[in-house]
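Architecture at a glance
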Amino acid sequence: MTKIRPIVKAALRVRELQYQFWVIDIEDGYLETASPEEINEKYSDEYIIGEARNRLAIAMDPCNQEEDYWRKDAAQLRRFINKWETANG
């Protein structure tokens, strides 16, 4: 059994990263199942942090910031990025 890295476990608790992995990456053919094991195997820490930054840019779009859930998602992404950039810095 593969040991899942802590960043992968944390990423799977971030709503926007769940959407990235479970919807976008499966539809685009990057992942087959988006299981924790597959994400752990295929994506580096730097890649996951980069995806968090991409999702944050989308969340911070002025139109999106008019919606409460996007503001909450942006805050969640900022916390994730701050924690894991420091841990990987």
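Reading the values: the criteria
- Residues numbered from 1 in each chain as written.
- Predicted model: local features only at pLDDT ≥ 70, side-chain atom pairs only at ≥ 80, totals over all residues.
- Heavy atoms only, no water.
- Helix = DSSP H or I, 4+ residues; strand = E, 2+ residues; numbered from the N terminus.
- Rg over C-alpha atoms; globule rule 2.2 N^0.38 Å.
- Buried < 20%, exposed > 50% of the residue type's maximum accessible area, 1.4 Å probe, protein only.
- Contact = heavy atoms within 4.5 Å.
- Areas by Shrake-Rupley, 256 points an atom, 1.4 Å probe, with all protein chains shown as cover.
- Lys, Arg positive; Asp, Glu negative; His and termini not counted.
- Charge placed at Lys NZ, Arg CZ, Asp CG, Glu CD.
- Phe/Tyr/Trp six-rings, centres within 6.5 Å; stacked < 30°, edge-to-face > 60°.
- Expected span 1.5 Å × (residues − 1).
- Arc of directions from axis to C-beta.

1. Concerning the overall build of the chain
Within the chain, the regular secondary structure consists of 5 helices and 0 strands. Computed over the C-alpha atoms, the radius of gyration of the chain is 13 Å, within 12% of the 12 Å expected from 2.2 N^0.38 for a compact globule of 89 residues. A burial count over the chain gives 39% of its 89 residues as buried. Sequence-distant contacts, at least 24 apart, represent 61% of the contacts inside the chain between residues at least 6 apart. Of the roughly 5,500 Å² of accessible surface on the chain, a fraction of 52% belongs to carbon and sulfur atoms. Distance from the positive charge centre (13 side chains) to the negative charge centre (17 side chains) of the chain: 9 Å.

2. Focus: the packing of aromatic side chains
This structure, assessed with the given rule, holds 4 aromatic pairs. Seen in terms of ring centroids, F21 and Y43 are 5.8 Å apart; in terms of plane orientation they differ by 35°. Their pairing is tilted. In this pair, F21 is assigned in helix α2 (residues 15-27) and Y43 in the loop between α3 (36-42) and α4 (45-59), connecting sequence segments 22 residues apart. A centroid spacing of 6.4 Å and a plane angle of 45° characterise the contact between F80 and W84, whose relative ring orientation is tilted. Taken as a pair, F80 and W84 lie in helix α5 (residues 68-88) at a separation of 4 residues, close to a single helical turn. In this structure, F80 and W84 share a single accessibility class: buried. One aromatic cluster in this structure is built from F21, Y43 and Y47.

3. Description of α4
Taking 1.5 Å of rise per residue, 15 residues should cover 21 Å, and α4 covers 21 Å from first to last C-alpha, within 8% of that figure. Listing the buried residues of α4 in full gives D45, I48, I49, E51, A52, R55, L56 and A59. Within α4, the buried residues cover an arc of 155° as seen down the axis, which keeps them to one side. Residues E46 and A57 are exposed on α4 and point more than 90 degrees away from its buried face. Contacts from the buried residues of α4 go to α1 (6-11), α2, α3 and α5.

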